[in-house]
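Coordinates in review
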Amino acid sequence: NNLIMEVNEQNLNVLKNLLQNTLSADSKLRKEAEGYLINSETQHGFIIVLLHLISNLLISQDMNDKAVRLAAAVLFKNSIKRNWYNKEEETNFINENDKTLVKTHLIDLMCTAPSDIQRQLAEAVTIISKYDFPKKWNGLLPQLVSKLTSNDIYINKGVMLTANSIMKKFRN
């Protein structure tokens, strides 16, 4: 898929609507949305639009937005799991530009997200760091350390959760 999905209002709204449809009681609507999302996840830019949607919905107190935010975080984690590193098909890789952008924004999002979203993002960090840390993600530790200077307990919790996620691979 050579199309590039850009972060813009239209794509954010389309993605939000698709995610709302995955929560629908109407099984036909739900399956159509799920199929479309699965087919879109390897499109260049999709994972970045998904991250932006999660970020945009962080401040909303609307119950529907919270449900969509969690669905987006679960989709993000599962997309990372399926596509960050795929032994079978090189065509399913998330492209390098998108990977760089994910690694640039993921820690900030981890540090500001509520705990239900942090849990999903932490799993994504674990998967990414399994393949990319430290060689391909050498800015991770300095980024985490710089966040620790904050007096915000929630940011510090996000940093600790992230550090725990990346250190899992060194425990075994």
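**A word on the overall build of the protein chain**
- Each helix and strand counted, the protein chain has eight helices and zero strands in total.
- N-terminal to C-terminal, the α/β element order of the protein chain is α-α-α-α-α-α-α-α.
- The C-alpha radius of gyration of the protein chain comes to 16 Å, within 12% of the 16 Å expected for a compact globule of 172 residues.
- Along the first, second and third principal axes, the C-alpha set of the protein chain runs to 45 × 40 × 30 Å.
- Of all 172 residues assigned to the protein chain, the portion counted as buried reaches 43%.
- Residue pairs in contact within the protein chain that sit at least 24 positions apart in sequence constitute 68% of those at least 6 positions apart.
- Positive and negative side-chain charges of the protein chain, numbering 21 and 18 respectively, have mean locations separated by a distance of 8 Å.

**Looking at helix H6 (residues 115-132)**
- Taking 1.5 Å per residue, 18 residues should reach 26 Å; H6 reaches 24 Å between its end C-alpha atoms and fits that length.
- If you check which residues of H6 are buried, you get Ile117, Gln118, Gln120, Leu121, Ala122, Ala124, Val125, Ile127, Ile128, Ser129 and Asp132.
- Residues of H6 that are buried in the fold lie against helix H3 (46-56), helix H4 (63-83), helix H5 (96-112) and helix H8 (153-171).

**Considering the pattern of salt bridges**
- Applying the stated criterion across every chain yields a total of seven salt bridges.
- One salt bridge connects glutamate 32 with lysine 28, and the closest N-O pair in it is separated by 3.0 Å. Taken together, the residues glutamate 32 and lysine 28, both in helix H2 (residues 27-40) and four residues apart, mark about one turn of the helix.

**Considering helix H1 (residues 9-22)**
- If you check H1, its first and last C-alpha atoms are 20 Å apart, about what 14 residues at 1.5 Å a residue would give, namely 20 Å.
- Looking at H1, one finds that the buried residues are Asn11, Leu12, Leu15, Lys16, Leu18, Leu19 and Thr22. Take H1 and look down its axis: the buried residues cluster within an arc of 165 degrees, on one side only. Across H1 from its buried face, at more than 90 degrees, point the exposed residues Glu9 and Gln10.
- Structurally, H1 contributes buried residues whose contacts are with H2, H3 and H4.
- Where H1 begins, the side chain of asparagine 8 points an oxygen toward the backbone nitrogen of glutamine 10, at a separation of 3.2 Å.

**A closer look at the packing of H5 against H6**
- At their nearest, the axes of H5 and H6 sit 10 Å apart, and the two run at 145 degrees to each other. The element H5 and its partner H6 pack so that their crossing is left-handed. Each of Val102, Lys103, Leu106, Leu109, Met110 and Cys111 in H5 lies in contact with H6, whose residues at this interface are Gln118, Leu121, Ala122, Val125, Ile128 and Asp132.
- For the contact of H5 with H6, the residue count by class is nine nonpolar, one polar and two charged.

**Looking at unusual backbone geometry**
- For the peptide bond that leads from phenylalanine 133 to proline 134, omega is 5 degrees, which places it in the cis range.
- The residue proline 134 is located in the loop between H6 and helix H7 (140-148) in this model.

**Some details on the environment of alanine 113**
- Assignment of secondary structure puts alanine 113 in the loop between H5 and H6.
- For the pair alanine 113 and alanine 71, spaced 42 residues apart in sequence, the C-alpha separation works out to 14 Å.

**With respect to the side chain of serine 165**
- Relative to the assigned elements, serine 165 resides in helix H8.
- Here the side chain of serine 165 touches alanine 122 through a polar contact of 3.3 Å, landing on its backbone oxygen.
- If sequence neighbours within four positions are ignored, serine 165 has contacts with Ala122, Val125, Thr126 and Ser129.

Conventions we followed
- Residues numbered from 1 in each chain as written.
- Predicted model: local features only at pLDDT ≥ 70, side-chain atom pairs only at ≥ 80, totals over all residues.
- Heavy atoms only, no water.
- Helix = DSSP H or I, 4+ residues; strand = E, 2+ residues; numbered from the N terminus.
- Rg over C-alpha atoms; globule rule 2.2 N^0.38 Å.
- Buried < 20%, exposed > 50% of the residue type's maximum accessible area, 1.4 Å probe, protein only.
- Contact = heavy atoms within 4.5 Å.
- Lys, Arg positive; Asp, Glu negative; His and termini not counted.
- Charge placed at Lys NZ, Arg CZ, Asp CG, Glu CD.
- Expected span 1.5 Å × (residues − 1).
- Salt bridge = Lys/Arg side-chain N within 4 Å of Asp/Glu carboxyl O.
- Arc of directions from axis to C-beta.
- Polar contact = N/O pair within 3.5 Å; in protein donor to acceptor, adjacent residues only side chain to side chain.
- Axes fitted to C-alpha atoms, helices over the stretch in contact; angles between N-to-C directions.
- Left-handed = near helix turned anticlockwise from the far one by under 90°.
- Nonpolar A, V, L, I, M, F, W, Y, C, P; charged D, E, K, R; others polar.

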